[in-house]
Amino acid sequence: MALRARALYDFRSENPGEISLREHEVLSLCSEQDIEGWLEGVNSRGDRGLFPASYVQVIRAPAAEPPPPARYANVPAGGFEPLPPPAAFKPAAAPEPFPLPSPAGYPFPPAPYGGSYQPSQGSDDDWDDDWDDSSTVADEPGALGSSYPDYEAAASSRYRLSTRSDLSLGSRTGHPAGHPHPPGSGGGGSGAKSSATVSRNLNRFSTFVKSGGEAFVLGEASGFVKDGDKLCVVLGPRGPEWQENPYPFQCSIEDPTKQTKFKGMKSYIAYKLVPSHTGQQVHRRYKHFDWLYGRLAEKFPVISVPHLPEKQATGRFEEDFISKRRKGLAWWMDHMCSHPVLAQCDAFQHFLTCPSTDEKAWKQGKRKAEKDEMVGANFFLTISVPTGPGANLDLQEVESQVDGFKAFTKKMDESALQLNHTANEFARKQVTGFKKEYQKVGHSFKCLSQAFELDQQAFSAGLNQAIAFTAEAYDAIGDLFADQPRQDLDPVMDLLALYQGHLANFPDIIHVQKGALTKVKESKRHVEEGKMELQKAEGIQERCNIISFATLAEINHFHKIRVRDFKSQMQHFLQQQILFFQKVTQKLEEALHKYDSV
């Protein structure tokens, strides 16, 4: 028996792997077993993919040919609770759904944003039992030390924010949050306008979903926001900007030293950090940086957290590697301290200020950071945006700015890759090829000098010495070429590596903002069709504006810091080039003067 189904409603595909349906269209099913509320089949146009099971009615008809094999037959059933079917038909019983522990209405707790990031647990820096003990000291008051006030104890410094409203999917309609509502199925509202809701993304693993952006835009975020957690966006001369840190500071990274523990059984490199706002030095290992990066990348979905220098499995204690890593960490620290939001984050301040010898305080702050509730959808509650005249963002203008920045980052990434390759190749030639060639010339001059020395005439002695000095000059110039990349090209490549990390972050940031804009457009379409109340659509647009303000503020910060960094680095590069050629010129002039007395 060939399995077929008839489409009860129109369905428009929005993600790869889905197919669109037309009402009354007959489809061939690959399997009667639904996959988390979805069926796989082939529509009348020959397209094959997934569509909501609640949008079709399964029918049976004899057929000679067997149904096509299901490509997704190995996917376990369950996960999303299936939709209550329209009254017109009663499909077979759906598989039992997972429990619903999430307050946001997810059928399962969404993976944290940046879930693909895993802290290093390899050979680069092992995770000791003093790092991963099961203590719950974070529950103790003052977990981040005396420098952090106990906001939990002061009711006046803590207030509840919620975006829950009539448009929370599932809260009024009775439909599961993970599926679109079939048209005309009713949402529990009293009129036609309340029957339509903004659908959820079908791809539950997209950045927009995992970051909590979708839940926030749909009005499902709810939590207590402390005064210290508020992130303010202000209108500056270039548009939205993060409010500047009122107490800016810098932090140096110096004196990497090899240390041991467990009576010498384990070795590691510790870096001395000296924040300018405390003046107190602390020592941190690479794994501490790694942990901090993971926490910040998860917490801030619309902020570009700079990437750390790459790990290395072997040679971790070699001098060149330690020096290179220290320089990379110094760039990373500079960008952290320069960011108005990241610099003031509690986890970062704990990282900078917790005494190296106070193991208990470190664990308390670490546990508290890991239990931070202002992540995911709740993170967006902490963003405060401008209000009043001139504070409203134009949807099309925002989209145009974001598209322009997307094109910019793509071109910059390509150019950075090209420059990095060119600089790396040129540095290699200087270290090996140029040095070798100049020393070849020097050796040839030296051979000529030695040949001339066979002439014992006194009047030729000065010439012989001048030629020998020229040979030494070319040997020295070869050494200058070999050493020069450390002075000019290596710093350029270090900066390019840092910015390539930033450029890798922005596609996800842009995806969150684009997802919010899509929800606004969908809500406006529902309003025009008379299927949604204007108030609900305005709520979606207000929350989209918050994400748009934050995205534009981050874009402006990126451009501001980029101009600062590349201006400084190009000046340094050219200054070092001038000094280099001055040294070469000096060597040649010294050799030239030797011939004056011949």
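Residues numbered from 1 in each chain as written. Predicted model: local features only at pLDDT ≥ 70, side-chain atom pairs only at ≥ 80, totals over all residues. Heavy atoms only, no water.

Taken in spatial order, the 3 strands line up as β10-β11-β12 in an open sheet, and their pairing is antiparallel. Each edge of the open sheet carries a strand with a single partner, namely β10 (251-261) and β12 (282-285). Going from strand to strand, the sheet's axes swing by 35° on average, the running direction of each strand aside. In the sheet, β10 pairs with strand β11 (residues 266-275) via 9 bridges, with the strands oriented antiparallel. Paired with Ile 253 across the two strands is Leu 273, which belongs to β11. Of the strands in this sheet, β10 and β11 touch helix α4 (residues 319-338), which is tilted by about 135° from β10. (Pairing = 2+ DSSP bridges. Helix = DSSP H or I, 4+ residues; strand = E, 2+ residues; numbered from the N terminus. Axes fitted to C-alpha atoms, helices over the stretch in contact; angles between N-to-C directions. Contact = heavy atoms within 4.5 Å.)

Because an α-helix completes one turn every 3.6 residues, residues spaced three or four positions apart along the sequence face the same direction. Compared with an ideal rise of 1.5 Å per residue, which puts 12 residues at 16 Å, helix α6 (residues 359-370) spans 17 Å between its outermost C-alpha atoms and is within 8% of the ideal. Within α6, the full set of buried residues consists of Ala 361, Trp 362, Lys 363, Gln 364, Gly 365, Lys 366, Arg 367 and Ala 369. Residues of α6 that are buried in the fold lie against β12, α3 (286-299) and α5 (346-353). (Expected span 1.5 Å × (residues − 1). Buried < 20%, exposed > 50% of the residue type's maximum accessible area, 1.4 Å probe, protein only.)

With 58 residues, helix α7 (residues 395-452) extends 82 Å from end C-alpha to end C-alpha; this agrees with the ideal 86 Å at 1.5 Å per step. Along α7, the sharpest kink reaches roughly 45°, centred on Gln 430. By the burial criterion, the buried members of α7 are Leu 395, Val 398, Val 402, Phe 405, Thr 409, Met 412, Ala 416, Ala 423, Ala 427, Gln 430, Gly 442 and Ser 449. Lining the buried residues of α7 we find α8 (461-487), α9 (489-528) and α10 (534-593). For α7, the capping residue at the N-terminal end is Asp 394, with a side-chain oxygen 3.3 Å from the backbone nitrogen of Gln 396. (Bend = angle between axes of the 7 residues up to and from the residue. Polar contact = N/O pair within 3.5 Å; in protein donor to acceptor, adjacent residues only side chain to side chain.)

With that settled, consider the side chain of Ser 211. You can see Ser 211 is positioned in the loop between α1 (207-210) and α2 (213-217). Engagement of the side chain of Ser 211 in a polar contact is seen with the backbone nitrogen of Gly 213, the distance being 3.2 Å.

Turning next to the sheet that holds strand β9 (residues 239-242). Spatial ordering of the open sheet is given by β9-β8-β13, a layout of 3 strands whose pairing is mixed. The sheet is open, and its two edges are formed by β9 and β13 (383-384), each paired on a single side. Direction of pairing for strand β8 (residues 231-236) relative to β13: parallel, over a ladder of 2 bridges. The residue bridging Cys 232 from the neighbouring strand is Ser 384, located in β13. Sitting on the sheet, α10 is in contact with β8, β9 and β13, with an inclination near 80° to β9.

The next thing to look at is unusual backbone geometry. Its identity is not glycine, yet His 24 carries a phi of approximately 75°, on the positive side. Relative to the assigned elements, His 24 resides in the loop between β1 (2-7) and β2 (26-29). Phi at Asp 255 takes a positive value of approximately 45°, unusual for a residue other than glycine. Structurally, the position occupied by Asp 255 is in strand β10.

Ranked by size, the top nonpolar core spans 85 residues in total, and within it Phe 216, Leu 273, Phe 289, Phe 300, Met 333, Phe 348 and Phe 351 carry the most contacts. Inspection of this core shows a minimum of three residues originating in each of domain 2 (241-384) and domain 3 (395-594). Once residues lying within four places of it in the same chain are set aside, the contact partners of Met 333 are Cys 251, Ile 253, Leu 273, Phe 289, Phe 348, Phe 351 and Leu 352. (Core = buried A, V, L, I, M, F, W, Y, C linked by side-chain atoms within 4.5 Å. Domains from an automatic or database assignment.)

We now examine the confidence of the model for the chain. With 76% of its residues at a pLDDT of 70 or more, the chain has an overall mean of 79. The weakest mean pLDDT in the chain belongs to strand β6 (residues 158-162) at 56; the strongest belongs to α10 at 95. Note on residues 165-181: pLDDT is under 50 here. Beyond four places in sequence and across chains, it has 57 contacts. Here residues 183-194 is modelled with pLDDT under 50, and outside its nearest four sequence neighbours on either side it reaches 20 contacts, counting other chains as well. (pLDDT = per-residue confidence, 0-100.)

Taken N-terminus to C-terminus, the directions of α7 and α9 make an angle of 160°; their axes are 9 Å apart at the nearest point. With respect to each other, α7 and α9 are oriented roughly antiparallel. In this structure, α7 meets α9 at a crossing whose hand is left-handed. Of the residues belonging to the contact of α7 with α9, the class tally is 21 nonpolar, 6 polar and 7 charged. (Parallel < 35°, antiparallel > 145°, perpendicular 65-115°, else oblique. Left-handed = near helix turned anticlockwise from the far one by under 90°. Nonpolar A, V, L, I, M, F, W, Y, C, P; charged D, E, K, R; others polar.)

One pass over the structure, following the stated rule, counts 25 aromatic pairs. Judged by centre distance (5.3 Å) and plane angle (25°), the ring pair of Phe 216 and Phe 380 falls under stacked. With Phe 216 in helix α2 and Phe 380 in the loop between α6 and β13, this pair connects stretches of sequence that are 164 residues apart. Classification of Phe 380 as buried rests on a relative accessible area of 0%. Clustering of aromatic rings is evident, with ring pairs tying together Phe 426, Phe 434, Tyr 438, Phe 445, Tyr 474, Phe 481, Phe 580 and Phe 581. Looking at Lys 258, its charged tip hangs above the ring of Phe 317, at a distance of 4.5 Å from the centre. (Phe/Tyr/Trp six-rings, centres within 6.5 Å; stacked < 30°, edge-to-face > 60°. Lys NZ or Arg CZ within 6 Å of the ring centre and 35° of its normal.)

Moving on, we come to the environment of His 559. Here His 559 shows up in helix α10. Residue classification places His 559 among the partly exposed residues on the basis of a relative accessible area of 23%. Expressed as a C-alpha distance, the spacing of His 559 and Phe 405, which sit 154 residues apart in the sequence, is 10.0 Å. Leave out the neighbours within four places in its chain, and His 559 touches Phe 405 and Phe 408. Engagement of the side chain of His 559 in a polar contact is seen with the side chain of Arg 562, the distance being 3.0 Å.

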